[in-house]
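# Report on the structure
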Amino acid sequence: MPSIIYGGQSYQCKEHESVLDCMTAHDVTIPSSCRAGLCQTCLMQAVTGRVPEVAQVGLKQTLAAQNYFLACACYPEEDIEVKLPSLGVGKYSAVVVDINPLNADIVCLELSVGTKLNYKAGQFINLHKDTITARSYSLASVPEIDEHLHLHIRKLPNGHVSPWVHHALKVGDSVDISDANGNCFYIADNPDQNLLLIGTGSGLAPLYGIIRDALIQGHRGAIKLYHGSKTAESLYMSEELKSLAVRYPNFAYTPCVSGHSVPRGFASGRAHDVAIKENQDLAGWRIFLCGHPEMVATGKKLAFFAGASMRDIYADPFISTAKI
Amino acid sequence: MSSLYEKIGGEGAVNAAVDIFYRKVLKDDRIKRFFDGVDMDKQASKQKAFLTMAFGGPHNYTGEDMRKGHAHLVKQGLNDSHFDAVMENLGATLMELNVPGELIAQAAAIAESTRKDVLGK
């Protein structure tokens, strides 16, 4: 049984127990969120001892080289001494510029970062409510177009971060955010490839960023967006998307309503069903899926069966409720 | 004399085969239930590793890994008929890619050699 030294104390790590689980079991609080090796909130650094490679998957090379690792994905094979990241590593201070309602449940949180944050539209950042609570949100903004960072945050009644954003956070407040991470973004390697983007709810955020990123980079292939929700009222940014479709003939926007009352101008059905029905041969297409976890899982399978290659299917990595 | 892996076409062949093979497996009524709720990206990487091995390419699989990796499926009833279905899908994939019959037989023989470990016998 390897031991973990943290804060001058030694803790016995059981078999099949991660560093995060071991610390939690001993009432030591380490910031964490997704607990699935994705959001990087539980970033720690090994002072001595070797960290298994799997605990560094997805980290920037510079961080991995300094023995940073993810506590939730680290199952130590030998004694290690660990600490929380030095102040400021992977963290930025941001100022709230605007909090703007997009519909009844979703606001757009605009943040200004003093230091230039390198990111690609569609990646995510962690928004820290306090020293131990953070949630991941995708970036709807595009660095070349938008001055500030834009996050679409849906209020979850029992959420840890979203009610705070909706009710407590004010313009001018300072908040901590993380570096941008994630692989769900546009790559300009094939400007003629067709793109299919399917999103539900606030899963529109990364897609809105990806679409505008592709358009300003001169993407020539078709870009088809299907945004779905239960009711027409809960869809948002429709006007922006419609005018984008007018400006760029290769961009098409289809709002989808899965509930009973479907007004004119909306497709009837769930976004992924409508999208696959209207695009039955997806061989050679690139697919982006963001939103409800069930939609993402089903959409992935449907797109794959319709001919898209697994390599060309990009999805929001999160299955936590924070992103729904 | 070049190796089977080189003759089949190396990593390029694996990349071409993985989508076709995985699609066949997921659509196969005899075996698709074993893939319910499985993360598709992780599974696709595993299929790629499996094909690399079957094509005689570099791999780190040991018999013990095969046993451990499939033990939970054996509990769910994984048996020879399911292994046969996978073998059939592998053969059909390679035929679709116009791999010569002689090389298909060699790849099939490598895949076949994992049967006992996969089925925990």
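Scoring rules and cut-offs
Residues numbered from 1 in each chain as written. Chains lettered and ligands numbered in written order. Predicted model: local features only at pLDDT ≥ 70, side-chain atom pairs only at ≥ 80, totals over all residues. Heavy atoms only, no water. Helix = DSSP H or I, 4+ residues; strand = E, 2+ residues; numbered from the N terminus. Rg over C-alpha atoms; globule rule 2.2 N^0.38 Å. Buried < 20%, exposed > 50% of the residue type's maximum accessible area, 1.4 Å probe, protein only. Areas by Shrake-Rupley, 256 points an atom, 1.4 Å probe, with all protein chains shown as cover. Lys, Arg positive; Asp, Glu negative; His and termini not counted. Charge placed at Lys NZ, Arg CZ, Asp CG, Glu CD. Salt bridge = Lys/Arg side-chain N within 4 Å of Asp/Glu carboxyl O. Pairing = 2+ DSSP bridges. Axes fitted to C-alpha atoms, helices over the stretch in contact; angles between N-to-C directions. Domains from an automatic or database assignment. Contact = heavy atoms within 4.5 Å. Buried area = accessible area lost by both parts, 1.4 Å probe. Parallel < 35°, antiparallel > 145°, perpendicular 65-115°, else oblique. Left-handed = near helix turned anticlockwise from the far one by under 90°. pLDDT = per-residue confidence, 0-100. Expected span 1.5 Å × (residues − 1). Arc of directions from axis to C-beta.

For chain A, the count of helices and strands is seven helices and 17 strands. In terms of overall dimensions, chain A is globule-like: its C-alpha atoms have a radius of gyration of 21 Å, near the 20 Å expected for 324 residues. With the C-alpha coordinates of chain A rotated into their principal frame, the extents come out at 65 × 45 × 35 Å. When the 324 residues of chain A are sorted by exposure, 54% land in the buried category. Accessible surface, chain A as shown: approximately 14700 Å² in total, 50% of it carbon and sulfur. Considering chain A, the positive charge centre built from 27 side chains and the negative charge centre built from 31 side chains are found 5 Å apart.

Let us look at unusual backbone geometry. Residues and elements named next belong to chain A. Positive phi is not limited to glycine here, since D27 has a value of about 60°. Structurally, D27 is set in the loop between α1 (19-25) and β3 (43-48). Note on D27: relative accessible area 72%, which makes it exposed.

Applying the stated criterion across every chain, the model contains 20 salt bridges over all chains. Across the pair D21 of chain A and R35 of chain A runs a salt bridge, and its minimum N-O distance is 3.3 Å. In this pair, D21 of chain A is assigned in helix α1 and R35 of chain A in the loop between α1 and β3, connecting sequence segments 14 residues apart. Between D41 of chain B and K300 of chain A there is a salt bridge, with the nearest N and O atoms lying 2.6 Å from each other. Here K300 of chain A lies in helix α7 (residues 293-305) and D41 of chain B lies in helix α3 (residues 40-54), a pairing that spans two chains. The exposure class of D41 of chain B is partly exposed, given its relative accessible area of 33%. What emerges from the salt-bridge pattern is a single network uniting D80, D84, E112, R115 and K121 of chain B.

Take the sheet that holds strand β9 (residues 134-138) of chain A next. Residue and element names in this part refer to chain A. Ordered in space as β9-β8-β11-β6-β7-β10, the six strands form an open sheet in which the pairing is antiparallel. If you trace the sheet from one side to the other, it starts and ends with β9 and β10 (149-154), each paired once. Each neighbouring strand pair of the sheet contributes to a mean axis angle of 40°, computed without reference to strand direction. Pairing geometry for strand β6 (residues 91-101) and strand β11 (residues 174-178), over five bridges, is antiparallel. Pairing of Y92 across the sheet is with I177, part of β11.

Our focus in this paragraph is the domain arrangement of chain A. Where interface size is quoted, it is often the accessible area lost as the parts come together. Each assigned domain of chain A is listed with its residue range as follows: domain 1 (3-83), domain 2 (91-178) and domain 3 (195-317). Just the C-alpha atoms count here: the centres of domain 1 of chain A and domain 3 of chain A sit 37 Å apart.

For the rest of this paragraph, the subject is the interface of chain B and chain A. Listed per partner, the contact involves nine residues of chain B and nine residues of chain A. Note on chain B versus chain A: buried area summed over both sides is about 980 Å², and carbon and sulfur give 58% of it. Together, D19, R23 and M40 of chain B form the three largest contributors to the area buried by chain B at its contact with chain A, with a combined 52%. Across the contact surface, chain B and chain A share one salt bridge. Of all elements in the fold, only α2 (10-27) and α3 of chain B reach the threshold of two or more residues within the side of chain B that touches chain A. When residues in the side of chain B that touches chain A are grouped by element, the largest group, six residues, is from α2 of chain B.

So, on to the packing of helix α5 (residues 80-96) of chain B against helix α6 (residues 101-112) of chain B. Residue and element names in this part refer to chain B. It is at 10 Å that the axes of α5 and α6 come closest, and there the two elements cross at 155°. As summarised for this structure, α5 and α6 are arranged roughly antiparallel, according to the angle between their axes. Every pair of crossing elements has a handedness; the one defined by α5 and α6 is right-handed. Facing α5, whose interface residues are F83, M87, L90, G91, L94 and M95, α6 presents I104, A107, A108, A111 and E112.

Time to look at the confidence of the model for chain A. Residue and element names in this part refer to chain A. For chain A, the average pLDDT comes to 92, and 97% of its residues sit at 70 or higher. Looking at the elements of chain A, mean pLDDT is at its lowest for helix α2 (residues 61-65), recorded as 82, and at its highest for strand β14 (residues 251-257), recorded as 98. Contacts of residues 320-324 to residues separated by more than four positions or lying in other chains number 14 contacts, the stretch itself having pLDDT below 50.

Turning next to the side chain of T93 of chain B. Tracing the backbone shows T93 of chain B in helix α5. Discounting chain neighbours no more than four positions away, the residues touching T93 of chain B are A17, I20, F21 and K24 of chain B.

So, on to the sheet that holds strand β5 (residues 80-83) of chain A. Residue and element names in this part refer to chain A. Spatially, β2-β1-β5-β3-β4 is the arrangement adopted by the five strands of the open sheet, whose pairing is mixed. Of all strands in the sheet, those with a lone pairing partner are β2 (9-12) and β4 (68-70), marking the two edges. Across the sheet, the mean angle from the axis of one strand to that of its neighbour is 40°, orientation sign disregarded. Sheet topology note: the β3/β5 ladder contains three bridges and is antiparallel. Bridging across to β5, T48 finds its partner in E81.

Once that is clear, we can look at α6 of chain B. Residue and element names in this part refer to chain B. Between its terminal C-alpha atoms α6 stretches 16 Å, which fits the 16 Å expected from twelve residues at 1.5 Å a residue. Of all the positions in α6, only L103, I104, A107 and A111 are classed as buried. Buried residues in α6, looked at end-on, bunch into an arc of 105°, giving them a common side. Opposite the packed face of α6, turned more than 90 degrees from it, sit the exposed residues G101 and E102. Buried residues belonging to α6 abut α1 (4-8), α3, α5 and α7 (115-118).

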